[in-house]
Amino acid sequence: PSRVLRSFRSLRMVPLRWWIVDEHVHRYFQRHPQGTALANRLRSQLRSVPSLRQLSQNPLLLAALCARAERSQVPWSPHSRAEVLTDALRVLMEREDERRGFLRARILRNEDKIKMLSHLAWNSYSVGPVPMSEVEVSLLLNVVLPQFENDPPPTAEALLDELIADGILVRQGSGPYT
């Protein structure tokens, strides 16, 4: 596939068709003990809420909607992609907190991390979506680290390591972060 893709100058992601969304929801929940009920509840929401159905046509947002449905029995109707993605960030941080042995989610601390990520994204995308080097990321995190109000990490490097462990920042090979 990569050989074929090299011949194109640009690609456009088209919205997922309903049968693909439906199949993804089914597969996402098939191994869950209450999978059928969870899948049916999410499908029902997607059918009845047009804005939610539209968001589900994006594969990343669909995965985030499934993760939300898996952990919350409360019907949810986000109003924007940003709201879905922010919720997905919270899920990643909470999972990593659990893995690290924290008994309760560190909600306020994770909100501080989301603020840091917003600052990082704003600076990264102000010139266009380009990968950032570790030095660039560390410098930007150093600028905003004093604003970290709840249980701040000792250094920008420690925060960077935490964001990587959370699965939020990913190193590209041995180089920049995305």
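Each chain carries its own residue numbering, running from 1 in the direction its sequence is written. With pLDDT at 70 or above as the cut-off, local features in this predicted model cover only qualifying residues; side-chain atom pairs require 80 or more to be listed or tallied, and sums for whole chains, interfaces and linings still use all residues. Excluded from the side-chain calculations are hydrogens and water; all other atoms, namely the structure's heavy atoms, are used.

Let's hear about the overall build of the chain: which residues, and what values?
Counting its secondary structure elements, the chain contains nine helices and zero strands. Only DSSP runs of H or I with at least four residues qualify as helices, and only runs of E with at least two residues qualify as strands; both kinds are numbered from the N terminus onward. When the helices and strands of the chain are listed from N to C terminus, the series reads α-α-α-α-α-α-α-α-α. For the chain, the C-alpha atoms occupy an extent of roughly 50 × 45 × 30 Å along the three principal directions. Within the chain, buried positions represent 34% of all 178 residues. Separation of charge centres in the chain, based on 24 positive and 19 negative side chains, amounts to 11 Å. To sort residues, take the accessible area from a 1.4 Å probe on protein chains only and compare it with the maximum for the residue type: under 20% means buried, over 50% means exposed, and anything in between is partly exposed. Here the positive residues are Lys and Arg and the negative ones are Asp and Glu; neither His nor the chain ends is included. Charge positions are represented by NZ for Lys, CZ for Arg, CG for Asp and CD for Glu.

Break down helix H6 (residues 81-99) for me, citing the residues and quoting the values.
Relative to the 27 Å expected for 19 residues at 1.5 Å per residue, H6 spans 27 Å between its end C-alpha atoms, a close match to the ideal helical length. Residues of H6 that are buried: Val84, Asp87, Leu89, Val91, Met93, Glu96 and Asp97. Contacts are assigned to residue pairs that have any heavy atoms within 4.5 Å of one another. Elements in contact with the buried residues of H6: helix H4 (50-55), helix H5 (59-71), helix H7 (107-125) and helix H9 (156-166). Directly beyond the C-terminal end of H6, a positive phi value near 95 degrees is found at Gly101. A helix is expected to reach a length of 1.5 Å times the quantity of its residues less one.

Before we move on, could you go through helix H2 (residues 18-29) and cite the residues and values that matter?
Here H2 contains 12 residues, and its C-alpha end-to-end distance of 17 Å stays within 8% of the 16 Å for a straight helix at 1.5 Å per residue. Among all positions of H2, only Val21, Val25 and Phe29 are buried. Along the long axis of H2, the arc covered by the buried residues comes to 50 degrees, so they all point the same way. Within H2, the exposed residues directed more than 90 degrees away from the buried face are Trp19 and Arg27. In the core, the buried residues of H2 are packed alongside helix H3 (35-48) and H5. Arc definition: directions from the helix axis to the C-beta atoms.

Account for the pattern of salt bridges, with residues named and values stated.
Working definition: two side chains of opposite charge can pair if their charged atoms are close together. Throughout this description, the term salt bridge denotes a Lys or Arg side-chain nitrogen within 4 Å of a carboxyl oxygen of Asp or Glu. Summed over all chains, the structure comprises 19 salt bridges. Here Glu96 makes a salt bridge to Arg99, at a shortest N to O gap of 2.5 Å. With Glu96 and Arg99 both in helix H6, this residue pair falls three residues apart, about one helical turn. Owing to a relative accessible area of 7%, Glu96 belongs among the buried residues under this scheme.

Describe in detail the side chain of Asp87, supporting the description with residues and values.
Looking at the element boundaries, Asp87 is found in helix H6. Overall, the relative accessible area of 4% leaves Asp87 in the buried class. When residues no more than four places from it in sequence are discounted, the contact partners of Asp87 are Arg68, Arg71 and Trp76.

Tell me about the packing of H7 against helix H8 (residues 134-144), and name the residues and values.
Note on geometry: axes are lines fitted to C-alpha atoms, helical ones only across the stretch in contact, with angles between N-to-C directions running from 0 to 180 degrees. One way to put it is that H7 packs onto H8 with a least axis distance of 10 Å and a crossing angle of 130 degrees. The pairing of H7 with H8 is recorded here as oblique in orientation. Note on packing geometry: the crossing formed by H7 with H8 is right-handed. Two secondary-structure elements touch here, H7 through Met116, His119, Leu120 and Asn123 and H8 through Val137, Leu140, Leu141, Val143 and Val144. Put simply, Ala, Val, Leu, Ile, Met, Phe, Trp, Tyr, Cys and Pro go in the nonpolar bin, Asp, Glu, Lys and Arg in the charged bin, and everything else, Gly too, in the polar bin. Among the residues forming the contact of H7 with H8, the class breakdown is seven nonpolar, two polar and no charged. In what follows, roughly perpendicular refers to angles from 65 to 115 degrees, roughly parallel to angles under 35, roughly antiparallel to angles over 145, and oblique to any angle outside these ranges. A clockwise turn of the near helix away from the far one marks a right-handed crossing, whereas an anticlockwise turn of less than a right angle marks a left-handed crossing.

Can you tell me about empty space enclosed by the protein, naming the residues and giving the values?
To locate leftover empty space, one rolls a probe as large as a water molecule over the atoms. Here the term cavity refers to a set of points on a 1 Å grid, laid over the protein atoms alone, in which a 1.4 Å probe fits but cannot get out; the term pocket refers to an open set having protein on both sides within 12 Å along at least five of seven lines, with lining residues being those that place an atom within 4 Å of a point. Grid points are joined across faces, edges and corners, and a volume is the space filled by probe spheres set on the points. For the structure shown, the criterion picks out one cavity of 30 Å³ or more. Taken together, Arg41, Leu42, Gln45, Leu52, Leu65, Arg68, Ala69, Ser72, Val74, Pro75 and Trp76 make up the full set of residues lining the largest cavity. For the lining of the largest cavity, a count of residues per class yields seven nonpolar, two polar and two charged.

Account for the confidence of the model for the chain, with residues named and values stated.
Scored between 0 and 100, pLDDT is the confidence that the predictor attaches to each residue. With 91% of its residues at a pLDDT of at least 70, the chain reaches an overall mean of 84. Mean pLDDT across the secondary structure elements of the chain bottoms out at helix H1 (residues 2-5), with 64, and peaks at H2, with 93.

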